[in-house]
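So the chains spell out like this:
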Amino acid sequence: VRASVTNAARRDTLAALDVLDSEDDADFDRLARVAARIFDAPMAVITLIGAERQWFKSRHGLSFRETPVENSFSAHAIADSRNPCMCVEDAAGDARFKDNPLVTGGPRIRFYAGAPITVRGQRLGALAVAAPQPRERVERAQLEQLIALAETAGALFELKDEARVRARTAAELIKEEWRHALTLEAGKVGSWVWDLRARDVVANDIMRRMFGVDPVKPVDSDDLFAAIHPDDRPAVEAALKASFEDGVDYVSEFRVNSGRWLIARGRVYQRDAAGRPLVMMGVNIDITDAREAADRTRHLLRELNHRVKNTLAMIQSLARQTLRQNPGPQAFIDAFSGRLRTLSEAHALLSDRDWTGIGLHELIGLQVGPYVLSGPAQLVIEGEDVQLPPDHALGLGMILHELSSNAVKFGALSTERGRVGISWITEAGPQPRVKLRWKESGGPPVETPENPGFGTQLIPRGLDKVLGSEVRLEFPRAGVEARIAFPLA
């Protein structure tokens with residue numbers, strides 16, 4: 001019996017079902033009641049046998065939920081592979097069970113009949129009936145019905161396990177789709193799938209907004225072409241024709257009627273037997289800001305050329321004036337170097353002013369949003385938006401990225417029930433200061449790492465470039481916490 005119970009293949013199959021200590025199930029309860037009625041027995045169970053205990057998935061007429069495996073009648077039933085059903089007409093006279101506590105004490109079992117429950121080729125437990133009175137004989141038809149019910153229980157375990165696996169897979173797909181949607185939303189990417197035969201286009205909300213089409217109604221490819229600036233349509237059509245006929249990726253830049261610039265990239269993913277395109281997939285990205293930035297860069301380069309000429313003229317003037325006042329070579333070098341250094345630092349400061357900051361809400365969305373599993377409720381943000389200077393945004397972005405990565409691997413974002421709360425306050429005064437708190441909850445229990453990884457070490461150093469900043473990382477068992485403070489100036 002012990003060898004049968006501890007068999008590795010049987011143990012692995014039972015573990016894979018993940019039903020031990022699960023909630024009551026009405027389907028299994030019905031099978032137990034039917035078995036009890038067939039035998040007119042006051043007790044019936046559907047039992048699963050582990051290495052150390054037997055646990056009742058369903059029980060009729062019993063108050064307890066499990067027993068040690070050495071007290072189990074059903075362990076003997078599953079051990080005899082030659083017998084499809086074990087029947088003990090009087091346990092008090094059976095050498096195997098006469099000293100069993102279930103016989104000598106409550107519920108004082110005298111009669112037992114049990115049929116093994118087989119799941120994926122392994123006997124995991126039994127459907128059994130019992131009574132406190134012995135029986136002289138048991139009808140063969142009754143035992144055959146018990147065997148049939150046990151086979152039904154085995155099939156039911158397999159069906160429920162398959163349904164559980166399918167539900168888990170579906171949930172994972174939904175999470176992956178949600179994560180993909182968040183990534184596209186954060187990146188402001190419009191995605192589309194074009195059925196070329198039907199001329200229908202499935203587009204996400206960003207794509208619809210880019211082209212100014214109805215947010216709900218079906219999208220026709222003609223609607224999208226109508227939204228493209230007339231001057232740019234020939235180039236778009238030529239790029240599509242090359243993709244259809246030559247098999248190259250579709251790439252095009254064009255304006256829509258709103259005046260925004262878009263870049264489109266796509267590929268034919270399905271063709272018919274004759275090689276004609278059937279389905280095309282792709283993305284659109286708004287590059288208006290990039291084109292405007294390029295225009296600004298060209299303007300800045302023209303301005304830079306002008307400034308360089310002015311700067312060279314200024315340097316020449318400084319050199320001449322300095323040389324007049326300091327005719328000696330060493331005196332000239334000392335005086336001119338100081339002036340040139342001052343001019344260089346001033347130009348560097350002007351160059352730094354071309355950088356722009358980023359809002360705290362947007363920074364959190366970019367760094368933390370893609371890691372959320374089950375939906376927006378996992379991320380709770382509290383605080384009024386503030387504009388961060390460049391160094392602050394870079395340093396805090398790095399910290400948020402490392403915290404999110406750790407939360408996905410080990411913390412609150414590794415489970416659907418986990419939550420991440422990010423809150424902050426801005427203290428007014430001569431030097432406004434932000435105090436931010438990251439707090440995880442609902443995830444696995446946390447332990448302070450004995451040998452912190454590089455990412456964990458990087459968090460406290462993320463704002464090293466910001467004078468007056470403070471970063472403190474803590475590991476309470478309920479969830480990781482980080483307290484971050486920095487000046488806004």
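Everything in this summary refers to the structure shown in the same document.

1. So, the sheet that holds strand S18 (residues 470–474)
Taking strand neighbours across the sheet as the criterion, the 5 strands line up as S14-S16-S17-S19-S18 in an open arrangement whose pairing is mixed. Only two strands of the sheet have a single partner each, and these edge strands are strand S14 (379–382) and S18. On average, each strand axis in the sheet is tilted by 10° relative to the strand beside it, whichever way the strands run. Sheet topology note: the S18/strand S19 (residues 481–487) ladder contains 5 bridges and is antiparallel. Across the sheet, residue Arg472 finds its bridge partner in S19, namely Arg483. Across the sheet, helix H12 (residues 360–368) is in contact with S14, strand S16 (419–427) and strand S17 (433–441); its angle to S16 comes to roughly 155°.

2. Notes on the nonpolar core
Grouped together as the largest cluster of nonpolar side chains are 34 residues, with contacts concentrated most on Leu360, Leu388, Ile422, Trp438 and Phe486. Taken together, the elements giving at least two residues each to this core come down to H12, helix H13 (390–409), S16, S17, S18 and S19. Those residues in contact with Leu360 that lie beyond four places of it in its chain are Asp385, Val386, Leu388, Leu396, Trp424 and Leu436. Counting 31 residues, the second-largest nonpolar core is a separate cluster that includes Phe28, Val119, Leu124 and Phe157.

3. Remarks on the sheet that holds strand S5 (residues 111–119)
Pairing is antiparallel across the open sheet formed by 6 strands, whose spatial order is S3-S2-S1-S6-S5-S4. Bordering the open sheet on either side are strand S3 (66–68) and strand S4 (86–88), each of which pairs with just one other strand. Within the sheet, the average angular offset between the axes of one strand and its neighbour, ignoring direction, is 25°. As paired strands, strand S1 (residues 43–49) and strand S2 (residues 53–60) are joined by 6 bridges and run antiparallel to one another. The partner of Leu48 across the bridge, within S2, is Trp55. Strands in contact with helix H2 (residues 8–17) are S1, S5 and strand S6 (122–131); relative to S6, the strand with the most contacts, it is inclined by about 80°.

4. Examining the packing of H12 against H13
Two elements in contact, H12 and H13, have axes separated by 9 Å at closest approach and are oriented at 35°. In this structure, H12 crosses over H13, and the sense of that crossing is right-handed. On H13, the residues touching Leu360, Leu363, Ile364, Gln367 and Val368 of H12 are Ala393, Leu396, Gly397, Leu400, His401 and Ser404. Residues belonging to the contact of H12 with H13 are distributed by class as follows: 7 nonpolar, 4 polar and no charged.

Conventions and cut-offs
Residues numbered from 1 in each chain as written. Predicted model: local features only at pLDDT ≥ 70, side-chain atom pairs only at ≥ 80, totals over all residues. Heavy atoms only, no water. Pairing = 2+ DSSP bridges. Helix = DSSP H or I, 4+ residues; strand = E, 2+ residues; numbered from the N terminus. Axes fitted to C-alpha atoms, helices over the stretch in contact; angles between N-to-C directions. Contact = heavy atoms within 4.5 Å. Core = buried A, V, L, I, M, F, W, Y, C linked by side-chain atoms within 4.5 Å. Buried < 20%, exposed > 50% of the residue type's maximum accessible area, 1.4 Å probe, protein only. Left-handed = near helix turned anticlockwise from the far one by under 90°. Nonpolar A, V, L, I, M, F, W, Y, C, P; charged D, E, K, R; others polar.

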